[in-house]
Structures are given as C-alpha cells and as structure tokens.
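# Fold and geometry: a report
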Amino acid sequence: MLLELDRDTLSTPVDPAFRADVLAGLSAWPRAIPARWLYDRAGSELFEAITDLPEYYPTRTETALLKNHAADFAEAIGPGRAVIEFGSGSSAKTPLLLGGIDPSAYVPIDISGEFLREAARGLAQRFPGLDVLPVEGDFTKRVRLPGKVLNSPKLGFFPGSTIGNMGPRAATELLRRMAETLGDGALLLIGMDRVKPVEVLEPAYDDAAGVTAEFNLNLLRRINRELAGTIPVDAFAHRAIWNDAEARIEMHLEARRPVDFTVAGRRFTMGARETIHTENSHKYDPRAARLLLATGGWTVRREWTDDKGWFSLILAEA
Ligand code: AVJ
C-alpha cells in the first residue's frame, strides 16, 4: 500500500500557485520565475534591508520627496479622503503622507498577512483617530474594499516604484483595475523610478555588501524548503543587468557550473552560465510615465522629483 504524506505533517504548506509558477518557470525558455515569489517573510525582510543600503537610492529619494513636499500634498489632495495603499509592506512611508493630508481612513492592502497586521497596528497607534482597515490580498487581482470606505473619495497610494516590477502590459492592466477599485474622482499618488546612468542603476541592484544577492538567492532557498527542492544554492550567482532597450534592470540567478536538481519530484538541468530571470525593475522617463498612466486611465496632475531627477512622485486623477 502506498501511504500519502499527510498535509499537516509537512512543516510548510505547499502553495499550489508557487509550485505551478516555479515548475513552469524552470521549464520555460528563457527560464523565469515571477518576482512576487521573492517576497516571503525572509525576502520581505531582506528587501527592507536593501532600502537602507548606500547604493539603493529609490527609498531614500522618495522618502525625502514625501517629507519635503508635505504641504504640496495637503493642498493638492485635501482632507477627508480614504487612503488605499497597494502592496503596503511595512507601511514605512505612510506616516509621511497621512500626517499631512488628514485622511478619513487608511486601507493597507498586502499579500503578506503577518507583515500587514504588524504595520496596521503600528499605524493605528501612531494615528489614534484614524480608521485603519487592513485588507489581506493580492492587489494585482480585484480587491474588495471595506464597506466603510465605499462612499468616501479615495486616494490610491502606490509608492516605491512597485509598478516597475511589471511590464507595460501588466502595469496598464493594474492601473485600470485601480481606477475601477477607487472609483470616480479618485486620485493616485504613485512613485516611479526614472531612467538614469547605468553606473548608478547596476550597483543599486548589486550592492557591495551582498544584500541584494541574498535577496535573490533566497528564492532558491524558498524553493528547496517549500517545494522539496535539491537546488545547490552555492552553484548560483546573483546578476543585475541594465537592459537598455526595455529600460529595465533585470535580476537573474546564474548557474556557475552545470547543475542538476529536482523540484517537487521533477528533474532540471542547467548548463554553466545559464540563468533564471527573477525580477524586472522598469524605469520611466517623464514622457513614458505619462503615457503609461494615460493608457491605464489616469491623467497626470502634478509631478515632484529630486535635484538629480532620479525618482518621481506623480499625482494623477482618474
Ligand atoms: C520593490 C520592486 C520596487 O525594483 O527597486 C530592489 C525591488 N529588487 N532590489 C525595485 C528590488 C532588488 C524593488 N521594488
């Protein structure tokens, strides 16, 4: 008799979508696994560490913009809006926005429930009068907003250049869905990273301390742990390259020697220097940003950038 291993005797439950994406991605040519799987608990913590790196300019540049233009936001957005944050993570930048605009409610949406609840608790403490209504879910899918905010005018908040993870097609679809979710008269405050010299871009995604490398390699560790993988993690190297034609940084995991491994019972072989593409980070110049937003149903009202023009915060109207 063949005994099937009971689900709850396994240490980590298998997410069927993760399994499907990894198996399909490892079999595809070129091999590619969707970036969202980088962000398990360990990955989310490593990403937080990335945001403090000297080479990683986006977070500190955007944070400075939020601080320096608080009065502008208050004037352009006005009070009483329900703020809906897409992919809120640790909500680190949120207080900078909420402090200035006097919102009626705050709805953080994130796929990592644990992270979400911690962040929501912290914000509710910091803004005692504010309704904090967390929603656990994938913001790239249709999201059901809490009933309490359905009749308030809304401000979508999508900082961090998270939109850059998506290609233009997926980004357009997401922007359209956001416009639908947020309704008529909605505003969107979105952070977008700009095109800049490759000498700045590549180190930002391949730091001297090796934190980004750990972040990328964590995906292989996650596969080994959750999908009974035998990937020799040491045989892989982190690569970050600027693809100028597509205006994006690409992260890859490169096999340093021929490798042979199994994942969820399936066998894979890779030659030396073959890669698994793990993330894209698209960069937009101001015209491309406007075009993308317009295609997604949003009209740009204002744009703020830093002295070097490295990062922009854009306020758009549905
Ligand atoms: C979270 C998608 C905005 O693209 O800059 C940082 C992810 N990956 N370093 C980015 C990331 C490697 C980050 N985003």
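Rules of the game
Here the residue index of a chain counts from 1 through its sequence in written order. The predicted nature of this model means local features are confined to residues of pLDDT at least 70 and side-chain atom pairs, given and counted, to a pLDDT of 80 or more, with totals for whole chains, interfaces and linings taken over all residues. Counting other C-beta atoms within 10 Å of a residue's own tells you its class, since 20 or more makes it buried, 12 or fewer makes it exposed, and anything in between is partly exposed; those C-beta atoms are placed from the backbone. Note on conventions: DSSP H or I runs of at least 4 residues are helices, E runs of at least 2 residues are strands, and numbering of each starts at the N terminus. Any two strands with at least two DSSP-identified bridges between them are counted as paired. Orienting the strands away from the viewer, one traces the path from the first strand over the helix to the second; a clockwise path indicates a right-handed crossover. We call two residues in contact when their backbone-placed C-beta atoms lie within 7 Å. The criterion for a residue being near a molecule or strand is a backbone-placed C-beta atom within 6 Å of that molecule or strand. Only Asp, Glu, Lys and Arg are considered charged, only Ala, Val, Leu, Ile, Met, Phe, Trp, Tyr, Cys and Pro nonpolar, and every remaining residue, Gly among them, polar. The nonpolar core criterion groups buried Ala, Val, Leu, Ile, Met, Phe, Trp, Tyr and Cys residues into a set whenever they are joined through C-beta atoms within 7 Å. UniProt positions are given in the numbering used here, feature names are shortened, and annotations may be inferred rather than shown by experiment. Angular values range over 0 to 180 degrees, each being the angle between N-to-C directions of two axes fitted as lines to C-alpha atoms, with helices fitted over their stretch in contact.

## Structural notes on the pairing of strand 3 (residues 105–110)
Across a regular strand the side chains alternate sides, sitting on one face of the sheet and then on the other. In terms of burial, strand 3 is largely enclosed, as 5 of its 6 residues are buried. Examined bridge by bridge, strand 2 (residues 82–86) and strand 3 share 5 bridges and lie parallel to one another. For Ile 84, the partnering residue across the bridge sits in strand 3 and is Val 107. You can see the chain leave strand 2, run along helix 5 (residues 94–101) and come back into strand 3, and the turn it takes is right-handed. Across 2 bridges, strand 3 lies against strand 4 (residues 131–132) in parallel orientation. Residue Ala 105 lies in a different strand from strand 4, and its bridge partner there is Asp 131. When strand 3 meets strand 5 (residues 135–136), the two strands line up parallel, connected through 2 bridges. What sits directly across from Ile 109, in strand 5, is Val 135.

## Quick notes on unusual backbone geometry
The general pattern is negative phi for most residues beyond glycine and trans for most peptide bonds. Cis geometry marks the peptide bond from Trp 29 to Pro 30; its omega dihedral reads -5°. Residue Ala 264 is not a glycine yet carries a positive backbone phi of 50°. The topology assignment puts Ala 264 in the loop between strand 10 (259–263) and strand 11 (266–270).

## Some words on the environment of Gly 89
With respect to the helices, strands and loops of the structure, Gly 89 is situated in the loop between strand 2 and helix 5. When the C-alpha atoms of Gly 89 and Asn 280 are compared, they prove to be 19 Å apart, with 191 residues separating the residues in sequence. Aside from chain neighbours lying at most four places away, what touches Gly 89 is Ser 44, Asp 110 and Phe 115.

## Here we look at the site of the ligand
Taken together, the residues surrounding the ligand are Ile 50, Pro 58, Gly 160, Ser 161, Thr 162, Gly 164, Asn 165, Tyr 205, Thr 212, Glu 279 and Ser 281. The residue makeup of the shell around the ligand, split by class, is 3 nonpolar, 7 polar and 1 charged.

## Things to note about the nonpolar core
In terms of nonpolar packing, the biggest core is built from 46 residues, with Val 83, Ile 84, Leu 188 and Ile 190 touching the most fellow members. The residues contacting Leu 188, other than those within four sequence positions of it, are Gly 156, Phe 158, Met 178, Trp 298 and Ala 316.

## Focus: the environment of Arg 257
Inspection of the secondary structure puts Arg 257 in the loop between strand 9 (248–255) and strand 10. Expressed as a C-alpha distance, the spacing of Arg 257 and Glu 274, which sit 17 residues apart in the sequence, is 8.9 Å.

## Overview of the UniProt feature "domain: Histidine-specific methyltransferase SAM-dependent" (unreviewed entry) in the chain
Mapped onto the present numbering, the UniProt feature "domain: Histidine-specific methyltransferase SAM-dependent" (unreviewed entry) falls on residues 18–317. Helix makes up 37% of residues 18–317 and strand 26%, with an end-to-end C-alpha separation of 35 Å.

## Quick word on the sheet that holds strand 1 (residues 31–32)
Strand order in this open sheet of 4 strands is 1-12-9-8, and the pairing throughout is mixed. For this open sheet the edge positions go to strand 1 and strand 8 (236–243), each flanked by a neighbour on one side alone. Of the pairings in the sheet, the one linking strand 9 to strand 12 (residues 275–282) comprises 7 bridges and is antiparallel in character. Its bridge partner lying in strand 12, His 252 is registered against His 277. On top of the sheet, helix 9 (residues 211–226) reaches strand 8, strand 9 and strand 12; it is set at about 115° to strand 8, its chief contact.

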